[in-house]
Amino acid sequence: MNSPKRYSPEVREPVVRLVIEKKGEYPSKWAAICSIASKFGCTPETLIAWCKRTGVTQEDSSVKLSERERLKQLERENVELKRANEILREAAALFTQAEFDRKPN
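Residues numbered from 1 in each chain as written. Predicted model: local features only at pLDDT ≥ 70, side-chain atom pairs only at ≥ 80, totals over all residues. Heavy atoms only, no water.

**Here we look at the overall build of the protein chain**
Now for step 1: When its secondary structure is counted, the protein chain shows four helices and zero strands.
Now for step 2: Of all 105 residues assigned to the protein chain, the portion counted as buried reaches 17%.
Now for step 3: When contacts within the protein chain are restricted to residue pairs at least 6 apart in sequence, those whose partners lie at least 24 apart make up 50%.
Now for step 4: Counting every atom, the protein chain has about 8800 Å² of accessible surface; 56% of that belongs to carbon and sulfur. (Helix = DSSP H or I, 4+ residues; strand = E, 2+ residues; numbered from the N terminus. Buried < 20%, exposed > 50% of the residue type's maximum accessible area, 1.4 Å probe, protein only. Contact = heavy atoms within 4.5 Å. Areas by Shrake-Rupley, 256 points an atom, 1.4 Å probe, with all protein chains shown as cover.)

Given below as structure tokens:
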């Protein structure tokens, strides 16, 4: 029987932080844990134990699903508004240039 691997806190902490950051991108917390654990060479059970040890539970202090969706919507809207502002700036610059290029009557 293989002896269990021991992971240092320098390895555990970033992996747990990654679970917290990325769990919204997966359909469930378990799916996130399985995916991230496979990338770091540990079992999902080990990773969930690390999460529990650091106090990360399903009811952690992260943003709720509806709030997360609202935040994503606002971020998309912000990108659209920045794009529209850039277009308006460029149009204003073109109109200003055209005004200078026009011959006086």
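**Topic: helix α2 (residues 29-40)**
Now for step 1: In this model, α2 (12 residues) spans 17 Å end to end at C-alpha, consistent with the 16 Å of a helix rising 1.5 Å per residue.
Now for step 2: Looking only at α2, the buried set comprises Lys 29, Ala 32, Ile 33, Ser 35, Ile 36 and Ala 37.
Now for step 3: As for α2, its buried residues are in contact with α1 (9-22) and α3 (44-53).
Now for step 4: A positive backbone phi angle near 75 degrees is found at Gly 41, which sits one or two residues after α2. (Expected span 1.5 Å × (residues − 1).)

**Some remarks on the packing of aromatic side chains**
Now for step 1: According to the stated counting rule, one finds one aromatic pair in the structure shown.
Now for step 2: For the pair Tyr 7 and Trp 50, a centre-to-centre distance of 5.1 Å together with 75 degrees between the ring planes defines the contact as edge-to-face. Placement of Tyr 7 in the segment before α1 and of Trp 50 in helix α3 is noted, with a sequence separation of 43 residues between them.
Now for step 3: With a relative accessible area of 5%, Trp 50 lands in the buried category. (Phe/Tyr/Trp six-rings, centres within 6.5 Å; stacked < 30°, edge-to-face > 60°.)

**Observations regarding the pattern of salt bridges**
Now for step 1: Counting across every chain of the model gives two salt bridges.
Now for step 2: Note that Glu 86 and Arg 89 form a salt bridge whose closest N and O atoms lie 3.0 Å from each other. Here Glu 86 pairs with Arg 89, and both are found in helix α4 (residues 65-101), just three residues apart, close to one helical turn.
Now for step 3: Owing to a relative accessible area of 37%, Glu 86 belongs among the partly exposed residues under this scheme. (Salt bridge = Lys/Arg side-chain N within 4 Å of Asp/Glu carboxyl O.)

**Concerning the nonpolar core**
Now for step 1: One finds Tyr 7, Val 15, Val 16, Val 19, Ile 33, Ile 36, Ala 37, Cys 42, Leu 47, Trp 50 and Cys 51 forming the largest nonpolar core, which totals 11 residues.
Now for step 2: Those elements that provide at least two residues to this core are α1, α2 and α3. (Core = buried A, V, L, I, M, F, W, Y, C linked by side-chain atoms within 4.5 Å.)

**So, the packing of α1 against α3**
Now for step 1: α3 packs onto α1 with a crossing angle of 90 degrees between their chain directions and a minimal axis gap of 10 Å. The orientation of α1 relative to α3 falls into the category roughly perpendicular. Facing Arg 12, Val 15, Val 16 and Val 19 of α1, the residues of α3 in contact are Leu 47, Trp 50 and Cys 51.
Now for step 2: Residue composition of the contact of α1 with α3, by class: six nonpolar, no polar and one charged. (Axes fitted to C-alpha atoms, helices over the stretch in contact; angles between N-to-C directions. Parallel < 35°, antiparallel > 145°, perpendicular 65-115°, else oblique. Nonpolar A, V, L, I, M, F, W, Y, C, P; charged D, E, K, R; others polar.)

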